[in-house]
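# Observations on the three-dimensional arrangement
Given next are the chains, with one letter for each unit.
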Amino acid sequence: MKIDILTIFPEMFEGPFRESMIKRAENKKLVKIKIHDLRVWAEDKHKTVDDKPFGGGPGMVMKVEVIDKALKALKTDKTRVVLLTPQGKTFKQKIAKKLSELKHIILICGHYEGFDERIREHFVDEEISIGDYVLTGGEIPAMVVVDAMVRLIPGVVGKKESLKEESFSQDLLEYPQYTRPADYKGWKVPEVLLSGDHEKIKKWRKEQAEKRTKLKRPDLSKP
Ligand code: ADE
């Protein structure tokens, strides 16, 4: 999989993408991530990527020709172009899974008051929001999307099981986990987990997952 990220703040990605699972996935050649400075495609000597809105109003608007030129350079017929914006559909595990199956994704990070509407109309396949709040730009949302997506690429996370059982993968939160000691200050680990009875443990975990989903995230158990 190849991921191209278009941003005016390329340095923001250095820390998060240099560490962790994403770097491991890159080292294993399971994903190739490239961060592009949008100013490369600016047309004037000041490297302008934004301009004042027609009709007036506060803030600046991302210019359509910058995005056009960037996509001309990077896009193929297999590319999915994703715009990070609070107007997009809310990012969920299911969207992460779908994206993780694609060959090539371009993520566009916006700033200012927004994008020239023609960017949406002519270049974007999908708009994603990471939640109902407004951030200063699309960079952190892009990192969130990449992290959630890359760890679902086969081979990135060590054991297949750890993906299958985790929260949200079956619209359930994860069951409670414990490790040694079995008794800490009198706080005991549930007896069943020490029983060695794998069928009983499986059943208990399923019940716990259902119980806590109902309690903490009743919206998930609705059809
Ligand atoms: N840009 C600013 N806020 C955002 C959000 N919540 N999701 C995606 N992109 C954004």
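About the cut-offs
- Along each chain, residues carry numbers from 1 onward, in the same order as the chain's sequence is written.
- It should be noted that, the model being predicted, local features are given only for residues of pLDDT at least 70 and side-chain atom pairs only at 80 or more, the latter also being counted only at that level, while totals for whole chains, interfaces and linings use all residues.
- With hydrogens and water set aside, each side-chain value is computed from the structure's full complement of heavy atoms.
- One heavy atom within 4 Å of a molecule or strand makes the whole residue count as near it.
- N or O atoms closer than or at 3.5 Å make up a polar contact, with two conditions inside protein: a donor-capable atom paired with an acceptor-capable one, and, for residues adjacent in sequence, both atoms drawn from side chains.
- Reported accessibility uses the Shrake-Rupley method at a 1.4 Å probe radius. Residues are deemed covered only where the shown protein chains occlude them.
- Elements are defined by DSSP. Helices are runs of H or I of four residues or more, strands are runs of E of two residues or more, and each kind is numbered from the N terminus.
- Under the scheme applied, nonpolar residues are Ala, Val, Leu, Ile, Met, Phe, Trp, Tyr, Cys and Pro; charged residues are Asp, Glu, Lys and Arg; polar residues are all the others, including Gly.
- Any Lys or Arg side-chain nitrogen located within 4 Å of an Asp or Glu carboxyl oxygen qualifies as a salt bridge.
- In this scheme, a residue with accessible area under 20% of its type's maximum is buried, one over 50% is exposed, and one in between is partly exposed, where area comes from a 1.4 Å probe on protein chains only.
- The span one expects for a helix is its residue count, reduced by one, times 1.5 Å.
- Note on definitions: angles span 0 to 180 degrees between N-to-C directions of axes, and those axes are lines fitted to C-alpha atoms, for helices only across the stretch in contact.
- Each angle receives one of four descriptions, namely roughly parallel if under 35 degrees, roughly antiparallel if over 145, roughly perpendicular if within 65 to 115, and oblique otherwise.
- Residue contacts are counted whenever heavy atoms from the two residues lie within 4.5 Å of one another.
- Note on definitions: the grid is 1 Å and covers protein atoms alone; a cavity is a set of points where a 1.4 Å probe fits but cannot get out; a pocket is an open set with protein on both sides within 12 Å along at least five of seven lines; lining residues have an atom within 4 Å of a point.
- Grid points are joined across faces, edges and corners, and a volume is the space filled by probe spheres set on the points.

### A closer look at the site of the ligand
Contacts to the ligand come from Leu84, Thr85, Pro86, Ile128, Ser129, Ile130, Gly131, Tyr133, Val134, Leu135, Gly137 and Pro141. The separation between a nitrogen atom of the ligand and a polar main-chain atom of Thr85 is 3.2 Å. Protein coverage of the free-state accessible area of the ligand, which is 260 Å², stands at 96%. Only β5 (79-90) and β8 (126-129) provide two or more residues apiece to the shell around the ligand. Residue composition of the shell around the ligand, grouped by class: 8 nonpolar, 4 polar and no charged.

### A closer look at the pattern of salt bridges
All told, the structure shown has 18 salt bridges when counted by the stated rule. The salt bridge partner of Glu126 is Arg80, with a shortest N-O separation of 2.7 Å. In this pair, Glu126 sits in strand β8 while Arg80 sits in strand β5, placing the two residues 46 residues apart along the sequence. Residue Glu126 is classed as buried on the basis of its relative accessible area of 9%. By relative accessible area, Arg80 is classed as partly exposed at 30%. Measuring nitrogen to oxygen at the nearest pair gives 3.3 Å for the salt bridge that ties Lys94 to Asp171. Here Lys94, found in helix α4 (residues 93-100), pairs with Asp171, found in the loop between α7 (160-164) and β9 (183-184); they are 77 residues apart in sequence, far enough to count as distant. Taken together, the salt bridges that share partners define one network made up of Asp51, Lys63 and Glu65.

### Side note on helix α6 (residues 139-150)
Its 12 residues give α6 an end-to-end C-alpha distance of 16 Å, which sits within 8% of 16 Å, the value for a rise of 1.5 Å per residue. Along α6, 9 of the 12 residues are buried, which leaves the element largely enclosed by surrounding structure.

### A look at the packing of α4 against α6
Packing of α4 against α6 brings their axes to within 8 Å, and their N-to-C directions diverge by 70 degrees. As the angle between them shows, α4 and α6 are arranged roughly perpendicular. Seen from α4, the contacting residues are Ala96, Leu99 and Ser100; seen from α6, they are Val145, Ala148 and Met149. Looking at side-chain class alone, the contact of α4 with α6 contains 5 nonpolar, 1 polar and no charged residues.

### Looking at the layout of surface pockets
Empty space within the largest pocket amounts to approximately 750 Å³. In terms of lining, the largest pocket is formed by 29 residues, of which the most central are Gln93, Lys97, Leu152, Phe168 and Ser169. At the level of secondary structure, the elements contributing two or more residues to the lining of the largest pocket comprise α4, α7 and α9 (218-221). Grouping the constituent residues of the lining of the largest pocket by class yields 10 nonpolar, 6 polar and 13 charged. Here the lining of the second largest pocket takes 7 residues from helix α8 (residues 198-216), the largest share from any one element. For the lining of the second largest pocket, the per-class residue count stands at 5 nonpolar, 2 polar and 8 charged.

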